[in-house]
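One letter stands for each residue in the lines below.
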Amino acid sequence: MSRASSVLVLPSPFFSDSDTIRLLEPADCDTQWVLRQVVSGAYDKPFVIDDGTTRTLHFSLSLIQSTMSLKDPFALELDYTQAMMSFLLFLPRPRQMLMLGLGGGSLAKFCYRHVGSAKIAVVEIDPYVIAFRDQFELPPDDGRLQVIEGDGADHVLRSADWEERPDVIMMDAFDRHGLSGSVSSTQFYQSVHDALAGRGVMVANLAGDKADREDHLAMIAEVFDDRLLTMAIPDGNDIVLAFRAPGFAPRWRDIANQAKALRARTGLDFPKFAERLERSRRLRYV
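Nothing here was measured: the structure is a model prediction, and the numbers come from that model.

Parameters at a glance
Residues numbered from 1 in each chain as written. Predicted model: local features only at pLDDT ≥ 70, side-chain atom pairs only at ≥ 80, totals over all residues. Heavy atoms only, no water. Pairing = 2+ DSSP bridges. Helix = DSSP H or I, 4+ residues; strand = E, 2+ residues; numbered from the N terminus. Axes fitted to C-alpha atoms, helices over the stretch in contact; angles between N-to-C directions. Expected span 1.5 Å × (residues − 1). Buried < 20%, exposed > 50% of the residue type's maximum accessible area, 1.4 Å probe, protein only. Phe/Tyr/Trp six-rings, centres within 6.5 Å; stacked < 30°, edge-to-face > 60°. Lys NZ or Arg CZ within 6 Å of the ring centre and 35° of its normal. Salt bridge = Lys/Arg side-chain N within 4 Å of Asp/Glu carboxyl O.

(A) Expanded view of the sheet that holds strand 1 (residues 7-11). Taken in spatial order, the 5 strands of this open sheet run 1-2-3-4-5, and their pairing is antiparallel. The sheet terminates laterally at strand 1 and strand 5 (63-69), the two strands that pair on one side only. Neighbour to neighbour, the strand axes of the sheet diverge by 25° on average, direction disregarded. Alignment of strand 1 against strand 2 (residues 20-24), held across 5 bridges, turns out to be antiparallel. Paired with Leu10 across the bridge in strand 2 is Ile21.

(B) Highlighting helix 7 (residues 210-223). If you check helix 7, its first and last C-alpha atoms are 20 Å apart, about what 14 residues at 1.5 Å a residue would give, namely 20 Å. Burial in helix 7 covers these residues: Arg213, His216, Met219, Ile220, Ala221 and Val223.

(C) Quick look at the packing of aromatic side chains. Enumeration according to the criterion identifies 7 aromatic pairs in this entry. Pairing Phe90 with Phe243 gives two aromatic rings, centres 5.1 Å apart and planes at 70°, and the pair type is edge-to-face. Of this pair, Phe90 sits in the loop between helix 2 (79-84) and strand 6 (96-100) while Phe243 sits in strand 14 (residues 238-243); the two residues are 153 residues apart in sequence, bridging distant segments of the chain. The exposure class of Phe243 is buried, given its relative accessible area of 5%. The interplanar angle of 65° and the centroid separation of 5.1 Å between the aromatic rings of Phe188 and Tyr189 together place this pair among those described as edge-to-face. For Phe188, a relative accessible area of 4% gives the class buried. Following the ring pairs from residue to residue traces out a cluster consisting of Phe90, Phe243, Phe248 and Trp252. The ring of Phe74 has Arg113 lying over it, and the distance from NZ or CZ to the ring centre is 3.9 Å.

(D) Main features of the pattern of salt bridges. All chains considered together, the criterion is met by 8 salt bridges. When the shortest N-O distance is used, the salt bridge between Arg133 and Asp141 registers 3.1 Å. Judged by relative accessible area, which is 7%, Arg133 ranks as buried. Close ionic contact of Asp225 with Arg227 constitutes a salt bridge, the shortest N to O distance being 3.7 Å. With relative accessibility at 55%, the residue Asp225 sits in the exposed group. Exposure remark for Arg227: the relative accessible area of 10% places this residue in the buried category. What emerges from the salt-bridge pattern is a single network uniting Arg22, Asp50 and Arg55.

What follows is the structure, given as structure tokens:
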């Protein structure tokens, strides 16, 4: 499908008269029927709501997948996406990055702008999510950025064929039902561990049901031999950093200095991230 021509813009049925809803539907569709499907929750494609200030990607009315500020499209608007960037405290200059899940492209755009010359590959299973990439001002594919349609878990399983292994694997693999089933196993996390470069880091966003998050945390701890740090986000997400290197031993004073430099460069509150991660590590041994 043509990304530009397939997006239908209609007045939003939810909020103010100036809001719009963007749908992947033909111009001659029954718009009233489509809007009724969205309102009832029966609509089975992602959609975008634009209020003139922000543009949000939805899988349903109750589930915001991604948010973009129209004033600053490359900024990270959601707390959990900001916290996922805390991997830079431990690996400030990654060369290769793999992202599982595109959403509105917030993390891909931020890393494209702020993480040196890193090459970024993004694997997204839903072609309808990819079709919205222009709406979220994701740069076109080039020598540094590539968006791949496919299953992230299957992609990682083929890592033995890769010329270079990623230094960072970021996992934000959600669909309308929560964490994708393809990433919900110890075998998946083992494949991520094995795919990483020697000093590589996995960053995972865990959201949804508390029991599911605890199950995933247990699987990650088992595979990475407890070399992990966690950060609870007030909106209910848990961010997990897992480290492949067997000698993982954070030097918190150095990390605090790195945090100040990163805050000055990116505007994100890296000192707060460092404090939370250090506290999570300390509490595991209390």
